[in-house]
Amino acid sequence: MSDEEETASQLTDKQKMEIAKWFLLNSPAGEIQYVARDIRAVLKNERVYRAAVAEAFPLYNKAHMICLEFPDRSGEVIVSSFSEIDKNEYLDPRTAQVARVDHVKQVCEDARPANDEELPSSYIEEYRCALDAEIIKYVSEAYPKGVCSVYCANGKDVEEPGSDFELVVLISAARHSPQNFCNGSWRSIWHMEFKDELQIVEVRGKLQVGAHYFEEGNVQLDAKHECKDSTIFQSPDDCAVSLTTIIRHHETEYLNSLQVSYSNLPDTTFKDLRRKLPVTRTLFPWHNTLQFSLTRDIQKNLGLESSK
Amino acid sequence: MEAAMGLMRRVPPKHSETALSALLSLLPQHSSDLLSQVDQPLQVLCDVDSGKEFILCEYNRDADSYRSPWSNKYHPPLDDGPYPSAELRKLEIEANDIFAIYCDQYYEGGISSVYIWEDENEGFVACFLIKKDGAKTAHGKRGCLQEGSWDAIHVIEVGPVEDETARYCLTSSVMLSLTTNNDSSGTFNLSGSIRRQMNMELSVAEGHLCNMGKMIEEMESKLRNSLDQVYFGKTKEMVCTLRPPSEIIEMRLPDS
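The present account deals with the structure reproduced in this document. (Residues numbered from 1 in each chain as written. Chains lettered and ligands numbered in written order. Predicted model: local features only at pLDDT ≥ 70, side-chain atom pairs only at ≥ 80, totals over all residues. Heavy atoms only, no water.)

## Thoughts on the layout of surface pockets
Residues and elements named next belong to chain B.
Next up, step 1: One number sums up the size of the largest pocket: a volume of about 930 Å³.
Next up, step 2: Breaking the lining of the largest pocket down by element, the ones donating at least two residues are helix H3 (31-37), strand S6 (111-118), strand S8 (147-158) and strand S9 (165-182).
Next up, step 3: The element that contributes the greatest number of residues to the lining of the largest pocket is S9, accounting for four residues.
Next up, step 4: Across the lining of the largest pocket, the residue classes tally to 14 nonpolar, seven polar and 10 charged.
Next up, step 5: For the lining of the second largest pocket, the secondary-structure elements that each account for two or more residues are helix H1 (2-10), helix H2 (16-26), S8, S9 and strand S10 (186-203).
Next up, step 6: Looking at the lining of the second largest pocket element by element, the count peaks at six residues for S10.
Next up, step 7: Here the lining of the second largest pocket is composed, by residue class, of eight nonpolar, 10 polar and 10 charged. (1 Å grid on protein atoms, 1.4 Å probe; cavity = no way out; pocket = protein on both sides within 12 Å on 5 of 7 lines; lining within 4 Å. Points joined across faces, edges and corners; volume = space filled by probe spheres on them. Helix = DSSP H or I, 4+ residues; strand = E, 2+ residues; numbered from the N terminus. Nonpolar A, V, L, I, M, F, W, Y, C, P; charged D, E, K, R; others polar.)

Shown next, in the form of structure tokens:
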């Protein structure tokens, strides 16, 4: 008993805070509030809890690209590293507003119009806006509950042709069904590098899909994929259409390959772990294993058995 | 403790070892509860006498040593560790031999161990364990998996024999993880753990081993099917809800 007491007092508050933060950051999509409630009960220390939550929530929110509605319902803002103006302020380029968010409560507290310095130049905005319009069309077709946004990641002050710049498309869809013990999320991050000299746009996509089912168990899907493509540097409208086509193509292909992975499970992939039935296609003869031990001996003698 | 179990249900299964040691350091006063209720991937040691591997668990452990079911010796050696009675040891030997064949048949490789010891109520408890590494570098026959593991723990409490029947109470846990990785579809990882119970009263005409074996076989098949169809199926359903397959989208769009 005394050993256990020593261990408890040997954990510093900082260590406890790091542990709490780890649990919070590893929460599946849509579950951080539940995890926070449980870790608070386990810690029984409000100070450590508040410190952990203050550090973990912003990181989690950005990683999961959570979407918050403006208080006046004029639109939404996606919390991400690309939209971050300050640690509690996030830009929505579509409505040109900056939202102030409470990370721990996961709400948008208020919004203000964005300053000129926070917005891209009108040259960049032409490209951003055209792409945004096409992406909105795509996302509303492909995702029942998806949100999207386009940001300028680099070169937002470029005024005219002659320089490189980079736009980032974020697509995020989440489904939370805690009453059905099931949650999931799809996150896409597409980097579009506009290269002036070569007159091409290089595309890099990162797709991440997760799902969690936990009715009397705990099963999670964690799938990731990266892809590349490119297209010609054209007018804003033409670029928007061809870039969206690229995104649509890759994301559809990825969904198909996920489905293929799932359909391979029962008979192929899972079989490498455990067969449904022995090769004999009958249940194991528990009362009559003599024949098997003989077979094993013969296999061993003939050196047919792989080493165990 | 309830909050701790809640956390374990949400933690990504591949991190369950880290999560458990974190909880043990935060809640040392609950360590025996945590260790008995949270399943962990199985470890193995090699028996020095027979060269065969055996699985480690709380049921063959004394202090920091583990008893091998093949040689009945503790590794590292102990002066006064507990051993099953001669009668139970006989049953244990037979169980290990038969279970190893069962393991071969279903797992095409993999390691198995059975441990049996006395119970307070004149019955006994048996623990059947299986550890399979299905990665293509290990025992994955079809080479599909970059990483794959199946760990099963079956604990059966057998009551005393009365009127030629006995009561069997089985608690089974399966932990599994599988990862495929290729250029066209990236990394695909499914992992998880489930636990179930089954109670039966059976005639001992064919012996305890036969009864226990059949229960375990039935339970494993149920768990495998459940994991495959229900659990993995639900995650697939979720993915298709997030982004329905294009055939459905095409049906919704008018011809352009």
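Having put the structure on the table, let's press on.
## Looking at unusual backbone geometry
Next up, step 1: Note that the residue after His-75 of chain B, namely Pro-76 of chain B, is joined by a cis bond; omega there is -10°.
Next up, step 2: Along the polypeptide, Pro-76 of chain B turns up in the loop between strand S5 (74-75) and helix H4 (86-107).
Next up, step 3: Phi at Lys-44 of chain A takes a positive value of approximately 50°, unusual for a residue other than glycine.
Next up, step 4: Among the structural elements, Lys-44 of chain A can be located in the loop between helix H3 (32-43) and helix H4 (46-63).
Next up, step 5: Positioned with a positive phi, Asp-163 of chain B is a non-glycine residue whose angle comes to about 55°.
Next up, step 6: Positionally, Asp-163 of chain B belongs in the loop between S8 and S9.

## Overview of the interface of chain B and chain A
Next up, step 1: Each partner contributes to the interface: chain B provides 91 residues, whereas chain A provides 81 residues.
Next up, step 2: The largest per-residue losses of area from chain B upon contact with chain A belong to Arg-10, Arg-224 and Arg-243 of chain B, which jointly make up 12% of the total buried on that side.
Next up, step 3: At the junction of chain B with chain A, the criterion picks out six salt bridges.
Next up, step 4: Linking Lys-14 of chain B and Asp-222 of chain A is a salt bridge whose minimum nitrogen-to-oxygen distance equals 2.7 Å. (Contact = heavy atoms within 4.5 Å. Buried area = accessible area lost by both parts, 1.4 Å probe. Salt bridge = Lys/Arg side-chain N within 4 Å of Asp/Glu carboxyl O.)

## What to know about the state of the cysteines
Next up, step 1: Summed over all chains, the structure comprises zero disulfides over all chains.
Next up, step 2: Among the cysteines around Cys-240 of chain B, which has no disulfide bond, Cys-182 of chain A carries the closest sulfur, lying 12 Å off. (Disulfide = S-S within 2.5 Å.)

## Brief notes about the pairing of strand S8 (residues 165-177) of chain A
Residues and elements named next belong to chain A.
Next up, step 1: Among the 13 residues of S8, 10 are classified as buried, and the element is accordingly described as predominantly covered.
Next up, step 2: Sheet analysis places strand S7 (residues 146-154) next to S8, joined by eight bridges and oriented antiparallel. Its bridge partner being in S8, Val-147 is matched across the sheet by Ser-172.
Next up, step 3: Direction of pairing for S8 relative to strand S9 (residues 182-195): antiparallel, over a ladder of 13 bridges. When the bridges of S9 are listed, Glu-166 appears paired with Glu-193. (Buried < 20%, exposed > 50% of the residue type's maximum accessible area, 1.4 Å probe, protein only. Pairing = 2+ DSSP bridges.)

## What to know about empty space enclosed by the protein
Next up, step 1: The tally for this structure, following the rule as stated, stands at one cavity of 30 Å³ or more.
Next up, step 2: As a volume, the largest cavity reaches approximately 40 Å³.
Next up, step 3: In this structure, the largest cavity is lined by Pro-144, Lys-145, Ala-173, Ala-174 and Arg-175 of chain A together with Thr-241 and Leu-242 of chain B.
Next up, step 4: Listing elements by their share of the lining of the largest cavity, those giving two or more residues are S8 of chain A together with helix H5 (208-242) of chain B.
Next up, step 5: Per-element tally for the lining of the largest cavity: the top contributor is S8 of chain A, with three residues.
Next up, step 6: Its residues assigned to classes, the lining of the largest cavity comprises four nonpolar, one polar and two charged.

## Focus: the sheet that holds S8 of chain B
Next up, step 1: In spatial order, the strands read S7(A)-S8(A)-S9(A)-S10(A)-S11(A)-S10(B)-S9(B)-S8(B)-S7(B)-S6(B); together these 10 strands make up an open sheet with antiparallel pairing. Bordering the open sheet on either side are S7 of chain A together with S6 of chain B, each of which pairs with just one other strand. Ignoring strand direction, the axes of neighbouring strands in this sheet form an average angle of 10°.
Next up, step 2: Across the sheet, helix H6 (residues 236-269) of chain A lies against S8, S9, strand S10 (200-213) and strand S11 (218-232) of chain A together with S9 and S10 of chain B, angled at about 145° from S11 of chain A, the strand it touches most. (Axes fitted to C-alpha atoms, helices over the stretch in contact; angles between N-to-C directions.)

## Quick look at the pattern of salt bridges
Next up, step 1: The full count for this structure, using the stated rule, is 37 salt bridges over all chains.
Next up, step 2: Among the salt bridges present, the one from Asp-13 of chain A reaches Arg-47 of chain A, with a minimum N-O distance of 2.7 Å. Highlighted residues: Asp-13 of chain A in helix H2 (residues 13-25) and Arg-47 of chain A in helix H4, separated in sequence by 34 residues.
Next up, step 3: Linking Arg-67 of chain B and Glu-92 of chain B is a salt bridge whose minimum nitrogen-to-oxygen distance equals 2.8 Å. Taken together, the residues span a long stretch of sequence, with Arg-67 of chain B in strand S4 (residues 65-67) and Glu-92 of chain B in helix H4 at a distance of 25 residues.

## A short note on the sheet that holds strand S3 (residues 61-62) of chain B
Residue and element names in this part refer to chain B.
Next up, step 1: Spatial strand order, S3-S4-S5: three strands in an open sheet with antiparallel pairing. Here the strands that pair on one side only, and so sit at the sheet edges, are S3 and S5.
Next up, step 2: Direction of pairing for S3 relative to S4: antiparallel, over a ladder of two bridges. Residue pairing for S4: Arg-61 is matched across the bridge by Tyr-66.

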